[in-house]
Amino acid sequence: MNSKKKKIGIVDILQLQGAVIVYSLSTVAGKLASDHPFLSFKYILFFGLEFVILAVYAIIWQQMIKKFQLSIACANKALTLLWSMLWNFIIFSTGITVWKVVGVGLVIIGVIIMNSEADSEDRGGER
């Protein structure tokens with residue numbers, strides 16, 4: 001089963017991060033919906049946008065898990081924290097603290113470790 005999975009390249013990682021970025025945009029739409037009165041036009045608009053983004057993400061995600069081991073794909077999904085922090089800063093002017101950067105940095109280190117372990121398994125075979 002694993003033999004069908006090709007070696008993970010930088011383009012594959014970028015595609016996976018593209019999926020994660022799409023997913024993180026759903027949180028932006030949800031936040032924008034929450035800023036408006038329940039069932040108002042703008043609430044429904046942004047809430048509907050969130051569903052559309054999640055539908056697009058679901059399609060992209062299905063393609064990604066064909067390329068990656070599920071554990072690797074899910075580990076990369078943790079980078080949603082990074083993208084959400086950036087969207088909060090850019091769109092909502094929320095400050096970025098040292099502790100937020102440290103936390104996201106730890107997540108990034110974990111993702112790098114997961115990706116490098118997957119690469120070494122691809123080269124050396126399974127245990």
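Keep in mind that what you see is a predicted model, and the values were worked out from it rather than measured.

The next thing to look at is unusual backbone geometry. If you check the backbone angles, L39 has positive phi at about 65 degrees while not being a glycine. A positive phi angle is found at S93, which is not glycine, with a value near 55 degrees. With respect to the helices and strands, S93 occurs in the loop between α4 (80-92) and α5 (98-124).

The biggest cluster of nonpolar side chains holds 10 residues, and these are I8, I13, L16, A19, Y57, W61, M64, F68, I72 and A73. Put simply, the parts of the chain that give this core at least two residues each are α1 (10-34), α2 (41-67) and α3 (70-77). Apart from the residues within four sequence positions on either side, I13 is in contact with I8, F68 and N115.

Here S24 shows up in helix α1. Assessed through its relative accessible area of 0%, S24 is described here as buried. There is a polar contact of 2.7 Å between the side chain of S24 and the backbone oxygen of I21. The contacts of S24, once residues within four sequence positions are left out, are T80, W83, S84 and W87.

A few words on the packing of α1 against α4. As a packed pair, α1 and α4 sit with axes 9 Å apart at the nearest point and diverge in direction by 45 degrees. Taken as axis vectors, α1 and α4 run oblique relative to one another. Crossing angle aside, the handedness with which α1 passes α4 is right-handed. Across from Q17, V20, I21, Y23, S24, L25, T27, V28, K31 and L32 in α1, the residues of α4 making contact are T80, W83, S84, W87, I91 and F92. Of the residues in the contact of α1 with α4, the class split is 10 nonpolar, five polar and one charged.

Another point: the pattern of salt bridges. Applying the stated criterion across every chain yields a total of two salt bridges. D12 is the partner of K67 in a salt bridge, and the nearest nitrogen-oxygen pair spans 3.5 Å. Of this pair, K67 sits in helix α2 while D12 is found in helix α1, placing the two residues 55 residues apart along the sequence. Accessibility expressed as a relative area gives 26% for K67, which makes it partly exposed. Classification of D12 by relative accessible area gives buried; the value is 6%. Of the charged contacts, one joins K31 and D35 as a salt bridge, the two residues approaching to 3.1 Å between their closest N and O atoms.

So, how was this worked out
- Residues numbered from 1 in each chain as written.
- Predicted model: local features only at pLDDT ≥ 70, side-chain atom pairs only at ≥ 80, totals over all residues.
- Heavy atoms only, no water.
- Helix = DSSP H or I, 4+ residues; strand = E, 2+ residues; numbered from the N terminus.
- Core = buried A, V, L, I, M, F, W, Y, C linked by side-chain atoms within 4.5 Å.
- Buried < 20%, exposed > 50% of the residue type's maximum accessible area, 1.4 Å probe, protein only.
- Contact = heavy atoms within 4.5 Å.
- Polar contact = N/O pair within 3.5 Å; in protein donor to acceptor, adjacent residues only side chain to side chain.
- Axes fitted to C-alpha atoms, helices over the stretch in contact; angles between N-to-C directions.
- Parallel < 35°, antiparallel > 145°, perpendicular 65-115°, else oblique.
- Left-handed = near helix turned anticlockwise from the far one by under 90°.
- Nonpolar A, V, L, I, M, F, W, Y, C, P; charged D, E, K, R; others polar.
- Salt bridge = Lys/Arg side-chain N within 4 Å of Asp/Glu carboxyl O.

No statement about biological role is implied by the geometric values presented.
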